[in-house]
Amino acid sequence: MAARTDVDGTPAAFTRAVEQIMRVDARPELTIHVMPPPQRIAPYAHAISGDLAVAGEDVATGRFICLYDPAGHEAWEGSFRCVTFAKADIEPEMASDPVLTEVGWSWLTDALDAEGAGYHAASGSVTVVRTDSFGQMAEDGSSAQVEVRASWSPDTDTDTGCHAQAWMHLLAELAGLPPLTPGVIPLRRTAHDRRGSHG
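All of these numbers come straight from a predicted model, not from anything done at the bench. (Residues numbered from 1 in each chain as written. Predicted model: local features only at pLDDT ≥ 70, side-chain atom pairs only at ≥ 80, totals over all residues. Heavy atoms only, no water.)

Novice: Could you give me a rundown of the sheet that holds strand β6 (residues 142-154), with the residues and numbers involved?
Specialist: Strand order in this open sheet of six strands is β1-β2-β3-β4-β6-β5, and the pairing throughout is antiparallel. Looking at strand neighbours, the two that pair on one side only are β1 (30-35) and β5 (119-132), the edges of this open sheet. For this sheet, the mean angle separating the axes of adjacent strands, direction not counted, is 15 degrees. With 12 bridges joining them, β5 and β6 adopt antiparallel strand pairing. Looking at β6, one finds that Ser-125 is bridged to Arg-149. In the packing of helix α2 (residues 100-114) onto the sheet, contacts are made with β4 (78-90), β5 and β6, and the angle to β5 comes to roughly 140 degrees. (Pairing = 2+ DSSP bridges. Helix = DSSP H or I, 4+ residues; strand = E, 2+ residues; numbered from the N terminus. Axes fitted to C-alpha atoms, helices over the stretch in contact; angles between N-to-C directions. Contact = heavy atoms within 4.5 Å.)

Novice: How would you summarise the pattern of salt bridges if you had to cite specific residues and measurements?
Specialist: Counted according to the given criterion, the structure contains three salt bridges. Where Glu-147 meets Lys-87, a salt bridge forms, and the shortest distance between an N and an O atom there is 3.9 Å. Separated by 60 residues along the polypeptide, Glu-147 in strand β6 and Lys-87 in strand β4 bring together distant segments of the chain. Glu-147 sits in the buried class, given a relative accessible area of 17%. Residue Glu-147 is joined to Arg-149 by a salt bridge in which the shortest nitrogen-to-oxygen separation is 3.7 Å. For Arg-149, a relative accessible area of 38% gives the class partly exposed. Here the salt bridges share partners, and the residues they tie into one network are Lys-87, Glu-147 and Arg-149. (Salt bridge = Lys/Arg side-chain N within 4 Å of Asp/Glu carboxyl O. Buried < 20%, exposed > 50% of the residue type's maximum accessible area, 1.4 Å probe, protein only.)

Novice: Which residues make up the environment of Gly-104, and what values go with them?
Specialist: Residue placement: Gly-104 occurs in helix α2. Gly-104 sits in the buried class, given a relative accessible area of 0%. Taking C-alpha positions, Gly-104 is 9.2 Å from Glu-173, a pair spaced 69 residues apart along the chain. If sequence neighbours within four positions are ignored, Gly-104 has contacts with Val-126 and Val-148.

Novice: Explain the pairing of strand β3 (residues 57-73) residue by residue, including any values.
Specialist: In this structure, strand β2 (residues 44-54) lies alongside β3, joined through 11 bridges in antiparallel fashion. Residue pairing across strands places Ala-53 opposite Asp-58, the latter belonging to β3. Hairpin remark: β2 followed by β3, antiparallel, with two residues in the connecting loop; positive phi at Ala-55, about 55 degrees. Here β3 folds back onto β4 in antiparallel fashion, the turn holding four residues, of which Glu-77 has a positive phi close to 60 degrees.

Novice: Now, about the nonpolar core: what can you tell me, with residues and values included?
Specialist: If you look at the biggest cluster of nonpolar residues, it comprises 45 residues, and the most contacted ones within it are Leu-52, Phe-64, Trp-152, Leu-170, Leu-171 and Leu-174. When contributions to this core are tallied by element, the ones reaching two or more residues are α1 (12-22), β2, β3, β4, α2, β6 and α3 (160-174). When residues in this core are grouped by element, the largest group, eight residues, is from α3. Residues in contact with Leu-170, not counting those within four places in the same chain, are Ala-86, Trp-107, Leu-108, Ala-111 and Val-148. Among the nonpolar cores identified, the runner-up in size contains six residues, and Ala-42, Ala-47, Leu-67 and Trp-76 belong to it. (Core = buried A, V, L, I, M, F, W, Y, C linked by side-chain atoms within 4.5 Å.)

Novice: Which residues make up the packing of aromatic side chains, and what are the values?
Specialist: One pass over the full model with this rule turns up five aromatic pairs. Geometrically, the ring pair formed by Phe-14 and Tyr-68 is stacked, given 6.2 Å between the ring centres and 15 degrees between the ring planes. On the criterion of sequence distance, the pair formed by Phe-14 in helix α1 and Tyr-68 in strand β3 is long-range, its members being 54 residues apart. The class for Phe-14 is buried, based on a relative accessible area of 5%. When the centroid spacing of 6.2 Å and the interplanar angle of 40 degrees are considered together, the rings of Tyr-44 and Tyr-68 count as tilted. Of this pair, Tyr-44 sits in strand β2 while Tyr-68 sits in strand β3; the two residues are 24 residues apart in sequence, bridging distant segments of the chain. Note on accessibility: Tyr-44 and Tyr-68 belong to one class, buried. A connected cluster of aromatic rings, assembled from ring pairs, spans Phe-14, Tyr-44, Tyr-68 and Phe-80. (Phe/Tyr/Trp six-rings, centres within 6.5 Å; stacked < 30°, edge-to-face > 60°.)

Put into structure tokens, the structure is as follows:
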């Protein structure tokens, strides 16, 4: 998707940010789509969605939105804002781990740090949901999901693509996939193991 330019009135800073996002390489399990951005949140917005599949089964999904207000925004402490959503299925036993939400937030901040995506004014939430089936639905068993919703302002000297890459990194982390970076030890897929990996 080509970004608009100053010819049609789009600020160069936003055009450059979109181009940086669209140049990011996704890992092979992740399918990325450009989606309609939200309206009325900011004068300019660009949004992508991602679905992560392993062996033909969807294991995580999410979206990444880049907002831009040339006039700046007091709550953002700047002109740009990144907004993300990431959701993945987890083992039902993990849902009862009291530290899972805290660890879930650290997956995001660790992803930003790992990608060199400088940021400030971060906020968000981590939600863990477990569903148990009963009666005639008992054979469906139990299921659980973890959701991370967050927003932050990128530092002015960072490539916006790094922030999109961090979101992709987060999706893979939620899905329990090993990192692609050579020499990095994969985290095992249990809440306690993940907690230990973060000290």
